[in-house]
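These are the residues of each chain, in order.
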Amino acid sequence: MAFFDNDNEKLSGLPHSTTGSLSSIITTSIASSEPDTGFVGSGDEKICGSDGGGGGSPGGGDDKNLSAESRLKQEKWTTILLEVSIPFFLAGIGTIGAGIILGRVEDWDVFQHIPELYILVPALLGLKGNLDMCLASRLSTQANLGNMTTRKEIFKMIAGNISLVQVQSIVASFLVSVFAISVGFAVKTTNDFEFDHVLLIIAAAMFTATSSCFVLDFVLVAVILLSRKFNMNPDNLATPLAASIGDVVSISLFSFIVQLLYLNIGTHLWVTFVVIAIYLCMLPVWVVIVYRNKYTRAVLLNGWIPVLSALCISGMGGLVLESAVAKYDNFAVFQPIINGIGGNLVSVQASKISTMLHQSSIMGILPPHGNIFEWPWKALFKGVPYAKTARILLAMSIPGQIIFSYVANFIHTSDPSISIPFELSYLCASTIQIMLLLYVAHIIIHAMWKYKIDPDNSAIPYLTALGDLSGSCLLLLAFMFLESIGAETIDTDAI
């Protein structure tokens, strides 16, 4: 127990005056951003509006003069574990579903004749990290800062963010379609350019991205509002719960629409024109709504680099997927699982670090407890306040990966056994991936904060895209290792 609780003293034990001006800046920034509601995000701890038995009256002058360090109480490790574990395992079910669906549809005619679709899959699945999880992080931070108070402000915040995601999903899906088409044409041995396939890819990507994001946005909003109502931390709940249906909804919609369009492409090619035209006509409408909203105007103008960069990174993961599915059986089943779980866990960590920075400092100034570069041991296990969450997430990932891999293999092959070499290789690949993502999250979020880039808008796209690329590459290495030693995925001796 003490191993998990030691970090609670990292913040409360900070000196009350580090550099004088820095301490006053941090205290002022918290006092100016905190409302009088007393809610911060933990069901059993409050940062403001609570005397904690210490003699100060709630809302009194003494409370306003509390130091920043005394306000920054961390959640108990049991609270984090309970709030994260349930949505984590629900998200695992979603990733299993996505893997099973991808394993089934890889034999469909459309995926056999248009291999560029495999390049799109990681990017479309990654949109929940690029767009929806950024929305979750932004709204969770606002909820933890107590800014979601009146119904009017909540409605403006939600409407602006949903419209923003629609703008980003239309543009992102179009660009990633062009990327997939260009790469697919470049690697083809023939120079045949099939215009109807181009229209099919663009229309299917736009439909999948906008529809899945629209559904997930409302799930996220409901989760955040309910968690706020019941004094739970939305940072622990929102991103995993969205991911629990995000992967399976995206891959289901994508598979259904591409197959439907492909079967009717000879007689109803005009449908693809109509789909693309509708989304292009709706784009200016969404842009106007977002630009007039004070909560999203800045993101609309400055938030494109992370999204587009993440799409390029995810696209490279798609190239790995395209080359691997043709060579290794069951690769398509496990790829969404390793990528999805890694992205889900690092998104929780990123959202919590970002919220803590918003609560403890002002952008451009790192708090006393935050450094850009730390030793991996300190960032992941013991040494910084965020290490407690990191080691909880790492501890959860190991049994989670084992359970999810067995269940996915059983559903896909109707065989309950997985070879020990494969399970060890898969577990090693997934653990390395998660440790890499959590450490990169610590570096990139603090670097963004130092250079006045809001990590709520920019960090998660890079992290989830890196999770897609690293997960696909590490899984490919695991399959290559098994091939080199002559091992199989399924334990044939146990049959």
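Here the structure is a predicted model, which means the values were calculated and not measured.

Reading the values: the criteria
- Residues numbered from 1 in each chain as written.
- Predicted model: local features only at pLDDT ≥ 70, side-chain atom pairs only at ≥ 80, totals over all residues.
- Heavy atoms only, no water.
- Helix = DSSP H or I, 4+ residues; strand = E, 2+ residues; numbered from the N terminus.
- Buried < 20%, exposed > 50% of the residue type's maximum accessible area, 1.4 Å probe, protein only.
- Contact = heavy atoms within 4.5 Å.
- Areas by Shrake-Rupley, 256 points an atom, 1.4 Å probe, with all protein chains shown as cover.
- Axes fitted to C-alpha atoms, helices over the stretch in contact; angles between N-to-C directions.
- Parallel < 35°, antiparallel > 145°, perpendicular 65-115°, else oblique.
- Left-handed = near helix turned anticlockwise from the far one by under 90°.
- Nonpolar A, V, L, I, M, F, W, Y, C, P; charged D, E, K, R; others polar.
- Expected span 1.5 Å × (residues − 1).
- Polar contact = N/O pair within 3.5 Å; in protein donor to acceptor, adjacent residues only side chain to side chain.
- Phe/Tyr/Trp six-rings, centres within 6.5 Å; stacked < 30°, edge-to-face > 60°.
- Core = buried A, V, L, I, M, F, W, Y, C linked by side-chain atoms within 4.5 Å.
- Salt bridge = Lys/Arg side-chain N within 4 Å of Asp/Glu carboxyl O.
- Patch = residues over 30% accessible without salt bridge, like charges linked within 9 Å, V, L, I, M, F, W, Y side chains within 5 Å.
- pLDDT = per-residue confidence, 0-100.

J.: Whenever I open this one, the overall build of the protein confuses me. Can you help?
T.: A tally of helices and strands in the protein yields 19 helices and 0 strands. Taking all 495 residues of the protein together, the buried fraction comes to 58%. Summarising the internal contacts of the protein: among those between residues at least 6 apart in sequence, 85% fall at separations of at least 24. For the protein, the computed accessible surface area is about 19,800 Å², with 67% contributed by carbon and sulfur atoms.

J.: What exactly am I supposed to notice about the packing of helix H14 (residues 304–325) against helix H19 (residues 455–485) here?
T.: Each pair of packed helices can be summarised by the angle the axes make with each other and by the distance between the axes. It is at 8 Å that the axes of H14 and H19 come closest, and there the two elements cross at 10°. Here H14 is positioned roughly parallel relative to H19, judged by the angle of their axes. You can see that H14 and H19 cross each other, and the crossing is left-handed. For the pair formed by H14 and H19, the contact residues are Ile305, Pro306, Ser309, Ala310, Ile313, Ser314, Met316, Gly317, Val320 and Ala324 on the first element and Asn457, Ser458, Pro461, Tyr462, Ala465, Leu466, Asp468, Leu469, Ser472, Cys473 and Leu476 on the second. Tallied by class, residues from the contact of H14 with H19 come to 14 nonpolar, 6 polar and 1 charged.

J.: How do you make sense of the environment of Leu469 when you look at a structure like this?
T.: Tracing the backbone shows Leu469 in helix H19. For Leu469 and Asn339, which are 130 residues apart along the polypeptide, the C-alpha to C-alpha distance reads 8.2 Å. Setting aside its immediate chain neighbours within four residues, Leu469 contacts Ile313, Met316 and Gly317.

J.: Help me out: how do you make sense of H19 in this one?
T.: Because an α-helix packs 3.6 residues into every turn, residues spaced three or four apart end up facing the same way. Its 31 residues give H19 an end-to-end C-alpha distance of 43 Å, which sits within 8% of 45 Å, the value for a rise of 1.5 Å per residue. Burial within H19 is extensive, with 22 of its 31 residues counted as buried. Its side-chain oxygen 3.0 Å from the backbone nitrogen of Asp456, Asp454 forms the N-cap of H19. Positive phi appears at Gly486, one or two residues downstream of H19, with a value of about 75°.

J.: Honestly, the side chain of Ser140 in this entry has me stumped. Any pointers?
T.: Position of Ser140 among the secondary structure elements: in helix H8 (residues 116–144). Excluding residues within four positions of it along the chain, Ser140 makes contact with Ile224, Pro234, Asp235, Ala238 and Ser351.

J.: Would you explain the packing of aromatic side chains in this entry?
T.: A ring pair, where both rings are aromatic, is described by two values, the distance of the centres and the angle of the planes. Under the definition given, this model contains 11 aromatic pairs. Aromatic side chains Phe214 and Phe218 sit 5.0 Å apart centroid to centroid with 75° between the ring planes, which places their arrangement in the edge-to-face category. Of the two residues, Phe214 and Phe218 are both situated in helix H10 (residues 195–229); the distance of 4 residues between them amounts to about one turn of the helix. Exposure remark for Phe214: the relative accessible area of 36% places this residue in the partly exposed category. When the centroid spacing of 6.0 Å and the interplanar angle of 20° are considered together, the rings of Phe422 and Tyr426 count as stacked.

J.: Looking at this model, I keep getting lost on the nonpolar core. Mind explaining?
T.: Grouped burial of nonpolar side chains is what soluble globular proteins tend to show. Ranked by internal contacts, the top residues of the largest apolar core, which has 132 residues, are Leu117, Leu120, Phe254, Val258 and Phe331. Take this core: its biggest share by element is 16 residues, from H8. Residues contacting Leu117, with those up to four places away along its chain left out, are Val110, Phe111, Ile201, Phe254 and Val258.

J.: Could you clarify how one ought to interpret the pattern of salt bridges in this entry?
T.: As a working rule, side chains carrying opposite charge can pair if their charged atoms are close by. Within this structure, the stated rule accounts for 2 salt bridges. Taking the shortest distance from any N to any O, the salt bridge between Lys294 and Glu153 comes out at 3.5 Å. Of this pair, Lys294 sits in the loop between helix H12 (270–291) and helix H13 (297–302) while Glu153 sits in helix H9 (residues 151–187), and the two are 141 residues apart along the sequence. A residue is classified by how much of its surface remains accessible, and Lys294, at 56% relative accessible area, is exposed. Judged by its relative accessible area of 18%, Glu153 is buried. We note a salt bridge from Glu374 to Lys378, for which the minimum N-O separation is 3.3 Å. On the basis of relative accessibility, which here comes to 12%, the residue Glu374 falls in the buried class.

J.: Could you clarify how one ought to interpret a nonpolar patch on the surface in this entry?
T.: On the surface, Phe195, Trp270, Phe273, Val274, Ile278, Met282, Val285 and Ile289 cluster together to form a nonpolar patch covering roughly 730 Å² of accessible area. Ranked by residue count, the leading element in the nonpolar patch is H12, at 7 residues. Looking at the secondary structure, you find Phe195 in helix H10.

J.: Would you mind showing me how to read the confidence of the model for the protein here?
T.: Detailed conclusions should not be drawn from predicted coordinates in areas where pLDDT is low. Per-residue confidence for the protein gives a mean pLDDT of 77; residues scoring 70 or more make up 80%. Across residues 1–5 the pLDDT falls below 50, and counting only partners more than four positions away or on other chains, this stretch makes 8 contacts in the model. Contacts of residues 7–72 to residues separated by more than four positions or lying in other chains number 108 contacts, the stretch itself having pLDDT below 50.

J.: What is the right way to read the environment of Asn371 from this model?
T.: Relative to the elements of secondary structure, Asn371 occurs in the loop between helix H15 (331–360) and helix H16 (376–380). Spatially, the C-alpha atom of Asn371 lies 8.1 Å from that of Ile443, the residues being 72 residues apart in sequence. What Asn371 contacts, discounting residues up to four positions off in sequence, is Leu366, His442 and His446. Of the polar contacts made by the side chain of Asn371, one reaches the side chain of Glu374; its length is 3.0 Å.

J.: How do you make sense of unusual backbone geometry when you look at a structure like this?
T.: The phi torsion of most residues other than glycine is negative, and most of the peptide bonds are trans. Its identity is not glycine, yet Asn231 carries a phi of approximately 55°, on the positive side. One can find Asn231 in the loop between H10 and helix H11 (234–263). We note that Lys452 has phi near 60°; this positive angle belongs to a residue other than glycine. Of note, Lys452 is situated in the loop between helix H18 (420–450) and H19. For Lys452, a relative accessible area of 61% gives the class exposed.

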